[in-house]
Amino acid sequence: MALKLDVMLSNSVVDAAERARALERAGVDGVFSFENSHDLFFPLVAAAPVCSLDLMTNVAIAFPRSPLHLAHAAYDLQLLSQGRFRLGLGSQVRAHVEKRYGARWGRPVTQMREWVQATKAILGSWQDGTRLDVRGEYTTHTLMTPAFNPGPNPYGVPKVLVGALGPKMNQMAAEVADGILVMPFNSDRHMRERTMPAIEAGLAAAGRSRADLEITAEVIVAVGRSEQELAAARAARGLVGFYGSTPSYRPVLEVEGWGDLQPELNARSKRGDWAGMTELVTDEMFETIAVCGTPDQVAEEIVRRYGDCDRVCAYFPGYPVGDDLIGDVARSLHAASAKADGQASASASASASASATVPR
């Protein structure tokens, strides 16, 4: 199966329907919304009836919302989209949860486990009539009367995904969630050495297989078809600097040998020195964390790094990207991943044939 490509829908509900139609024409497979300056569910509500794209929150900040609220939103979007919705949840950082959302912050991995399990339990109780009995450290759900039960969803229960980067969150998500959104401040080496081993450990602990989990790699993309477009795309360097200033993202820099840079990025962020942060991002760092090049080059590099994933969420931050260029990326990615899949299948068949002819 070719990698599926998701791109950002729209910040606001106002232009979401028109944007969904345009992105479907461009050839992407899905769209996502995220917590920014507007509500992230409303754009998906506008998009669902006017397109056939997959829809996803990427991510809804979990802790300020009750699992019941999340379950209702997911149920209705699954119904409205006729089964094309996935609920992506994220933890954010303590300062935002407490000071911006006014919500409770505890042990985020434990709390996220409860939010996933509770949301899935509520959806499951509606779908198959099982008694709701969730009793956790952070949330409790033991009451579901018929008046508040929407009943089975004709399109099934929507998937619940978790945005993760660190090994503990990835392992937990692999145990209990339907999918993982690997956060975009990442590298090939960090994915191989830190992320995938944690995911495999979580699957093993839960007695699950890789087929039970949808893995989506989120990727910062700097793409262009000409030198001029490629030069403009390097504005994405600013997002790399911003992410690198966050203490929880330091492990990505450490695995590449750049851990000492994180405190300086953080210090400059506190001074509001955004230009200075960008200057600290070298070409090597940028090209290790982001994926850069023409549509064909970007596609080949994404497949090389993340070809074992199921989907890719592409970000094009800080520079203009036309729908024709997004379409080029989609076509190149589909072709490159299909080619890689075909080569892998041919190699597996050849190995099987060779094994079958070995005398025993």
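Look up a bit, the structure's there.
Residues numbered from 1 in each chain as written. Predicted model: local features only at pLDDT ≥ 70, side-chain atom pairs only at ≥ 80, totals over all residues. Heavy atoms only, no water.

Visitor: Help me understand the environment of Trp 105, please; the structure alone is not making it clear to me.
Guide: Here Trp 105 is to be found in the loop between α4 (94-100) and α5 (108-128). Residues Trp 105 and Asp 76 lie 29 residues apart in sequence; the distance between their C-alpha atoms is 28 Å. If sequence neighbours within four positions are ignored, Trp 105 has contacts with Phe 63, Ser 91, Gln 92, Val 93, Arg 94, Val 97, Glu 98 and Gln 111. (Helix = DSSP H or I, 4+ residues; strand = E, 2+ residues; numbered from the N terminus. Contact = heavy atoms within 4.5 Å.)

Visitor: Whenever I open this one, the nonpolar core confuses me. Can you help?
Guide: General note: in soluble globular proteins, nonpolar side chains tend to be found buried as a group. Counting residues in hydrophobic clusters, the biggest one holds 101 residues, and the most contacted among them are Leu 5, Val 7, Leu 89, Met 112, Ile 302 and Phe 316. Judged by nonpolar contacts, the second largest core, of 8 residues, contains Met 56, Val 59, Leu 181 and Cys 313. (Core = buried A, V, L, I, M, F, W, Y, C linked by side-chain atoms within 4.5 Å. Buried < 20%, exposed > 50% of the residue type's maximum accessible area, 1.4 Å probe, protein only.)

Visitor: What is the right way to look at helix α3 (residues 67-80) in this model?
Guide: Because each turn of an α-helix spans 3.6 residues, side chains separated by three or four positions in sequence point in the same direction. Here α3 contains 14 residues, and its C-alpha end-to-end distance of 20 Å stays within 8% of the 20 Å for a straight helix at 1.5 Å per residue. Here α3 has its buried residues at Pro 67, Leu 70, Ala 71, Ala 74, Tyr 75, Leu 77 and Gln 78. On its buried face, α3 is in contact with α2 (41-47), β4 (60-61), β5 (85-90), α5 and β7 (140-141). The N-capping residue of α3, defined by a side-chain oxygen 3.0 Å from the backbone nitrogen of Leu 68, is Ser 66. (Expected span 1.5 Å × (residues − 1). Polar contact = N/O pair within 3.5 Å; in protein donor to acceptor, adjacent residues only side chain to side chain.)

Visitor: Honestly, the pattern of salt bridges in this entry has me stumped. Any pointers?
Guide: Think of it this way: side chains of opposite charge can pair up when their charged atoms draw near. With the rule as written, the count across this model stands at 29 salt bridges. The partner of Glu 35 in a salt bridge is Arg 65, with the nearest N and O atoms 2.4 Å apart. Placement of the pair is Glu 35 in the loop between β2 (30-33) and α2 and Arg 65 in the loop between β4 and α3, with a sequence separation of 30 residues. Like Glu 35, the residue Arg 65 is buried in the burial classification. Put simply, Asp 6, Asp 54, Arg 86, Lys 159, Glu 214 and Arg 311 are held in one network by salt bridges that share partners. (Salt bridge = Lys/Arg side-chain N within 4 Å of Asp/Glu carboxyl O.)

Visitor: Quick question: what am I supposed to make of the side chain of Arg 237 here?
Guide: Note that Arg 237 resides in helix α9 (residues 237-244). For Arg 237, a relative accessible area of 14% corresponds to the buried category. Among all residues touching Arg 237, those that are not within four sequence positions of it are Thr 278, Val 281, Thr 282, Asp 283 and Phe 286.

Visitor: Looking at this model, I keep getting lost on helix α1 (residues 16-26). Mind explaining?
Guide: For α1, the full list of buried residues reads Ala 16, Ala 20, Ala 22, Leu 23 and Ala 26. Taken down its axis, α1 places every buried residue within 165° of arc, on the same side. For α1, the exposed residues set more than 90 degrees away from the buried face come down to Glu 18 and Arg 25. Once α1 ends, the next one or two residues include Gly 27, with phi positive near 100°. (Arc of directions from axis to C-beta.)

Visitor: What exactly am I supposed to notice about the layout of surface pockets here?
Guide: Rolled over the atoms, a probe with the dimensions of a water molecule shows which regions are left empty. A volume near 390 Å³ is recorded for the second largest pocket. For the second largest pocket, the lining is made up of 20 residues, of which Val 303, Tyr 306, Gly 307, Asp 308 and Cys 309 are closest to its centre. Where the lining of the second largest pocket is concerned, the elements lending two or more residues are α7 (188-206), α14 (295-306) and α15 (323-357). Among the residues forming the lining of the second largest pocket, the class breakdown is 10 nonpolar, 2 polar and 8 charged. (1 Å grid on protein atoms, 1.4 Å probe; cavity = no way out; pocket = protein on both sides within 12 Å on 5 of 7 lines; lining within 4 Å. Points joined across faces, edges and corners; volume = space filled by probe spheres on them. Nonpolar A, V, L, I, M, F, W, Y, C, P; charged D, E, K, R; others polar.)

Visitor: Could you clarify how one ought to interpret the side chain of Ser 125 in this entry?
Guide: For Ser 125, the position within the fold is in helix α5. Under the relative-accessibility criterion, Ser 125 is labelled buried at 4%. In terms of polar contacts, Ser 125 uses its side chain to reach the backbone carbonyl oxygen of Ile 122, at 2.8 Å. If sequence neighbours within four positions are ignored, Ser 125 has contacts with Thr 130, Leu 132, Met 144 and Asn 149.

Shape descriptors only; they carry no functional weight alone.
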